[in-house]
Amino acid sequence: MKNETKHTPGPWQALPRNRVNRAGTPTYDIMTASGNAENWDMVADRVDGEANARLIATAPDLLACCRWLANYAPIPTDAARVRAVIAKAEGKNELNRVN
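Residues numbered from 1 in each chain as written. Predicted model: local features only at pLDDT ≥ 70, side-chain atom pairs only at ≥ 80, totals over all residues. Heavy atoms only, no water.

Asker: Mind showing me how you'd approach the overall build of the protein chain here?
Answerer: Within the protein chain, the secondary structure is distributed over three helices and three strands. N-terminal to C-terminal, the α/β element order of the protein chain is β-β-β-α-α-α. A total of 99 residues make up the protein chain; the buried ones form 20% of that total. The long-range fraction of contacts in the protein chain, counting pairs at least 24 apart against all pairs at least 6 apart in sequence, stands at 27%. Only carbon and sulfur atoms are counted for the fraction: they give 51% of the accessible area of the protein chain, which is about 7300 Å². (Helix = DSSP H or I, 4+ residues; strand = E, 2+ residues; numbered from the N terminus. Buried < 20%, exposed > 50% of the residue type's maximum accessible area, 1.4 Å probe, protein only. Contact = heavy atoms within 4.5 Å. Areas by Shrake-Rupley, 256 points an atom, 1.4 Å probe, with all protein chains shown as cover.)

Shown next, in the form of structure tokens:
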């Protein structure tokens, strides 16, 4: 499986905005450092909730783990399921659900 990374390379970090949305939930920005911490680039802004922000910030690492697992999963059906998740993340099988 080719590693076709079209997203902003990680690592990503969730940073609090010190603001809340209309429901009172804290919001976060997802940022990535380009070379050093002084050159932050925005990946996503105004993400509602810490749990959502952490999950989004972890996306590049999760995708890398899935790519590894697709090649080394001991059970073929597990590898196929992981490949389906990767395809969904890459926008290749938007209509296919992964159960």
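Anyway, onward from the coordinates.
Asker: Could you clarify how one ought to interpret a nonpolar patch on the surface in this entry?
Answerer: A grouping of Trp-68, Leu-69 and Tyr-72 is seen on the molecular surface, where their side chains present a nonpolar patch of about 360 Å² in accessible area. Relative to the assigned elements, Tyr-72 resides in helix α2 (residues 59-72). Residue Tyr-72 is classed as exposed on the basis of its relative accessible area of 54%. (Patch = residues over 30% accessible without salt bridge, like charges linked within 9 Å, V, L, I, M, F, W, Y side chains within 5 Å. Salt bridge = Lys/Arg side-chain N within 4 Å of Asp/Glu carboxyl O.)

Asker: Can you help me understand the pairing of strand β1 (residues 12-20) in this one?
Answerer: Note on strand geometry: in a regular strand, side chains alternate between the two faces of the sheet. By the bridge criterion, six bridges tie β1 to strand β2 (residues 26-33) in an arrangement that is antiparallel. Residue pairing across strands places Gln-13 opposite Met-31, the latter belonging to β2. Hairpin connection from β1 to β2: five residues lie between these consecutive antiparallel strands, with Gly-24 at a positive phi of about 90°. (Pairing = 2+ DSSP bridges.)

Asker: Is there a simple way to think about the packing of helix α1 (residues 50-57) against α2 in this case?
Answerer: The geometry of α1 relative to α2 is characterised by a closest axis approach of 5 Å and an angle of 45° between their N-to-C directions. The orientation of α1 with respect to α2, classified from their angle, is oblique. Side by side, α1 and α2 meet where Leu-55, Ile-56 and Ala-57 of the first sit next to Ala-59, Pro-60 and Leu-62 of the second. (Axes fitted to C-alpha atoms, helices over the stretch in contact; angles between N-to-C directions. Parallel < 35°, antiparallel > 145°, perpendicular 65-115°, else oblique.)

Asker: Explanation requested: the layout of surface pockets in the structure shown.
Answerer: The rolling of a water-molecule-sized probe over the atoms marks out the regions of remaining empty space. If you add up the space inside the largest pocket, you get close to 270 Å³. His-7, Leu-63, Arg-67, Ala-89 and Glu-90 are the residues nearest the centre of the largest pocket, which is lined by 14 residues in total. Looking at the lining of the largest pocket, the elements that each hand over two or more residues are α2 and α3 (76-89). With six residues, the single largest contributor to the lining of the largest pocket is α2. (1 Å grid on protein atoms, 1.4 Å probe; cavity = no way out; pocket = protein on both sides within 12 Å on 5 of 7 lines; lining within 4 Å. Points joined across faces, edges and corners; volume = space filled by probe spheres on them.)

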